[in-house]
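Residue-level listing of the chains:
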Number of protein chains: 2
Amino acid sequence: MSKEIPYKIYLEEDEMPKAWYNMRADMKNKPAPLLNPGTGAPMKAEELEGVFCSELVKQELDNDTAYFEIPEEIRKFYKMYRPSPLVRAYCLEKKLGTPAKIYYKFEGNNTSGSHKLNSAIAQAYYAKQQGLKGVTTETGAGQWGTALSMACSYFDLDCKVYMVKVSYEQKPFRREVMRTYGASVTPSPSMDTEVGKKILAEHPGTTGSLGCAISEAVEVAVGTPGYRYVLGSVLNQVLLHQSVIGLETKAALDKYDITPDIIIGCAGGGSNLGGLISPFMGEKLRGEKDYRIIAVEPASCPSFTRGTYAYDFCDTGMVCPLSKMYTLGSGFIPAPNHAGGLRYHGMSSTLSQLYADGYMEARSVKQTEVFEAAEMFARVEGILPAPESSHAIKAAIDEALKCKENNEEKTIVFGLTGTGYFDLVAYEKFHDGVMEDYIPSDEEIAASIAKLPKL
Amino acid sequence: MSKEIPYKIYLEEDEMPKAWYNMRADMKNKPAPLLNPGTGAPMKAEELEGVFCSELVKQELDNDTAYFEIPEEIRKFYKMYRPSPLVRAYCLEKKLGTPAKIYYKFEGNNTSGSHKLNSAIAQAYYAKQQGLKGVTTETGAGQWGTALSMACSYFDLDCKVYMVKVSYEQKPFRREVMRTYGASVTPSPSMDTEVGKKILAEHPGTTGSLGCAISEAVEVAVGTPGYRYVLGSVLNQVLLHQSVIGLETKAALDKYDITPDIIIGCAGGGSNLGGLISPFMGEKLRGEKDYRIIAVEPASCPSFTRGTYAYDFCDTGMVCPLSKMYTLGSGFIPAPNHAGGLRYHGMSSTLSQLYADGYMEARSVKQTEVFEAAEMFARVEGILPAPESSHAIKAAIDEALKCKENNEEKTIVFGLTGTGYFDLVAYEKFHDGVMEDYIPSDEEIAASIAKLPKL
């Protein structure tokens, strides 16, 4: 007889991963290299090191090393909020009346409220190791900024966050969390930077954009001795750090001899999805096992399902390197849906290559159906999910209902990336029946894609 | 050699408590009975059953039974968010440079954001068992209302929450969490009740008070067939349910052969403190062990440290039974400090008796020093604490610094009741240097106490 599965599977501290896993090492078709937008040549380490920490550049460019040891200091920090629980969704299963077995890896039990802390602490660590004074970054809704503030506070690094002005003004709570951790938070565009001054001169009333905030953060990092720029998603290094999610998930499943059939994650830039699926994808790439892997994106920003696979700018300001990825075009402006973390025009180049090679599926879901799933989940499982995470919930429920129809006892694992405590304006709109679904027209997407850089 | 202590001690599911512990059974001097405010006679079960669920009335009045089995359904729900971790505060110890060993029991990892859920689920369960349709309650800042909404959603009970109007308007986020769980939330005073109508007629512009919201919730419960009123603190039944905190804490410490010297909890109505200390106080009452037990209250609402031990009304509306307790007088209006959960004029009658008998210490701390402690804690331990919980942090830090002075390796355990995600307005005031300390004058307290009911 198999062991009884507890509601929550926690690893012991000594069972926690000691190394991150790099999927690229097992990929036959490696992700395409970053290109210098000026020359069109692959970016060299030296070029990247002006912007990013040196050790992180190494991780970014290394397509061969399968395992990177997690430094002791980072493992110590991980122990403060990890292992995260792998939860058996007994109550959700009962509510759905499905024979499927549903598990979710819950990354929200920390003050940043999401999985972002897993990479923030790693990036802060390497900045500290390099003897830097501080780092800069941008943040929209503030999850990444919060995570980075916490990490910098721990390592006593200065943290300069450029926060999109409209969020700075409308979401003061995340700003205050960042201030609690000692970060300086500047509304963007600001008068701190040339790019900020230029934009303010041209558009005095602008409330900012993520693209502009990135440009400001990069300008300050490059122009200030002892500073580097850090980013919370999209990059290979971020997926590497986030592999801790998948490694813990797999270790917890292995403890109880559970093999998942379907693995589901929400996808914006790909940090959570890439981390969650890592060790499973590794087995799939090596031909050892097969899994269905499903990326879930918002219908309002459908880079996998309606984008094109091509080289594009990572930022709207078009100052960063070119990355080959599924993209809607760097000029695509996603509708103001409430899953801020998924409003990104492109996708991790690693995940893009895997998707192109048929290793993953993707689907898009509409905002209102995502909130219906979120509310049902909150009521039966207790946790108030972030809108981003709720995309994965929606897909997991759909798959579980298919199992019910077909009377199949499949095992579904999904990533519950975070909590929705700072997203209650969105929940309010949903309760009041005034939430809209945004779906870009074919013409809109085609027009944006037509402006991709010519190489 | 002793076992290495992990950062977080989690019990296994089969190590979780199967019964609540009732401190009153081991008290030589039992807490004084509730009195009927009309007759001055002890309240009988029949009188209380019009307001409260029958099984809860039994628990309320039972001073002899030491253990109450936790029903299977409640234990199942507990497994969704418990066991809560007992955390070794390695980083805080290092920051303080103290030889003391500091542990905290963290109750904030659930959507209600606090320990309140432990009793909410029990009270909802007994209401369901009794075949009731729903329950009513009041809420100020909304923690208790949120917890009750979650519990009622789980058992498919109707939940009517009367929320102090000023909070309803100024704190829409907690209101939205309650709506997510299907509760009806009514700003109080309302036109639903006679007492509400009366108050609105007399004071058309009033923004409400907890006393008024209690009166409305009680009126609706008593006047609606199939409804009862429930309360989140002060009562014996609540302390009984909250003993799960202390029982888990003790089991986790026992696993590693740790005996605490000092146990610290914040105290408003006493639900968290009473729960945390229960099994330790039991040993102390039975003469088996000794512990220093410290209640920490806000200087703005110091019922233990500056109140008097006497019979008083539990509510400001003076409709509820009289309870013998440390009180500042039911007419005492606490200054608008930011620890809403500690702004109560009285104290649990059980804790009051224990304090009167010398089994506990109490101290009061000022708001700004509480936030200083909160910020330091957030930075080193990662968790953003609730203002209420931060009272315990402040006292724990003070005790740890005394250990440093005296080079004593004491073991300190404190209760970290919840998170501060909905308290960022308070943090903002603190960061902006505009937070005030409120300390009532001796005259103010004397004047309030002079109005205690004459028996």
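Residues numbered from 1 in each chain as written. Chains lettered and ligands numbered in written order. Predicted model: local features only at pLDDT ≥ 70, side-chain atom pairs only at ≥ 80, totals over all residues. Heavy atoms only, no water.

Caption draft 1: Local environment of the side chain of B:Q143. With respect to the secondary-structure elements, B:Q143 resides in helix α6 (residues 143-155). Apart from residues lying up to four places away in sequence, B:Q143 is in contact with B:S112, B:G113, B:S114, B:K116, B:R174 and B:E388. (Helix = DSSP H or I, 4+ residues; strand = E, 2+ residues; numbered from the N terminus. Contact = heavy atoms within 4.5 Å.)

Caption draft 2: Representation of the confidence of the model for chain A in the model. Looking at chain A as a whole, its pLDDT mean stands at 94, while 99% of the residues score no less than 70. Reported confidence for the predicted complex is 0.93 by ipTM and 0.95 by pTM. (pLDDT = per-residue confidence, 0-100.)

Caption draft 3: Structural context of the interface of chain B and chain A. Taken together, the contacts link 43 residues of chain B with 43 residues of chain A. Summed over both sides, the interface of chain B with chain A buries roughly 4100 Å², with 56% coming from carbon and sulfur. Here chain B is connected to chain A by four salt bridges. Two residues, B:R175 and A:E428, come together in a salt bridge whose shortest N-O distance is 2.9 Å. Where chain B packs against chain A, one counts 26 residue pairs in polar contact (both at pLDDT 80 or more). When contributions to the side of chain B that touches chain A are tallied by element, the ones reaching two or more residues are α3 (72-81), α6, α8 (172-180), α15 (367-381) and α17 (424-431) of chain B. The biggest single contributor to the side of chain B that touches chain A is α8(B), with six residues. Classifying every residue of the side of chain B that touches chain A by side-chain character gives 21 nonpolar, eight polar and 14 charged. (Buried area = accessible area lost by both parts, 1.4 Å probe. Salt bridge = Lys/Arg side-chain N within 4 Å of Asp/Glu carboxyl O. Polar contact = N/O pair within 3.5 Å; in protein donor to acceptor, adjacent residues only side chain to side chain. Nonpolar A, V, L, I, M, F, W, Y, C, P; charged D, E, K, R; others polar.)

Caption draft 4: Focus on α6(B). Compared with an ideal rise of 1.5 Å per residue, which puts 13 residues at 18 Å, α6(B) spans 19 Å between its outermost C-alpha atoms and is within 8% of the ideal. Burial of α6(B) is extensive: 12 of the 13 residues sit out of reach of the surface. (Expected span 1.5 Å × (residues − 1). Buried < 20%, exposed > 50% of the residue type's maximum accessible area, 1.4 Å probe, protein only.)

Caption draft 5: Geometry of the side chain of A:S348. Residues and elements named next belong to chain A. Of note, S348 is situated in the loop between β13 (322-327) and α14 (349-356). Classification of S348 as buried rests on a relative accessible area of 0%. Among the polar contacts listed, one links the side chain of S348 to the backbone nitrogen of T350, at a separation of 3.2 Å. Not counting chain neighbours up to four residues away, the residues in contact with S348 comprise V234, L239, G269 and G270.

Caption draft 6: Just the packing of aromatic side chains, in detail. Tallying each qualifying case throughout the model produces 43 aromatic pairs over all chains. With centroids separated by 5.4 Å and ring planes inclined at 45 degrees, the aromatic side chains of A:Y21 and A:Y67 adopt a geometry described as tilted. In this pair, A:Y21 is assigned in strand β2 (residues 19-21) and A:Y67 in strand β3 (residues 67-69), connecting sequence segments 46 residues apart. Note on B:F77 and B:Y81: the rings are 5.8 Å apart at their centroids and 70 degrees apart in plane angle, and the pair reads as edge-to-face. Placement of both B:F77 and B:Y81 in helix α3 is noted, with a separation of four residues, approximately one turn of the helix. On the accessibility criterion, B:Y81 (11% relative accessible area) is buried. Among the aromatic residues, ring-to-ring pairing joins A:F77, A:Y78, A:Y81, A:Y125, A:Y126, A:Y154 and A:F155 into one connected group. B:R175 extends its terminal NZ or CZ atom over the ring of B:Y168, reaching a point 4.7 Å from the ring centre. We note B:K324 situated over the ring of B:Y309; from NZ or CZ to the ring centre the distance is 4.6 Å. (Phe/Tyr/Trp six-rings, centres within 6.5 Å; stacked < 30°, edge-to-face > 60°. Lys NZ or Arg CZ within 6 Å of the ring centre and 35° of its normal.)

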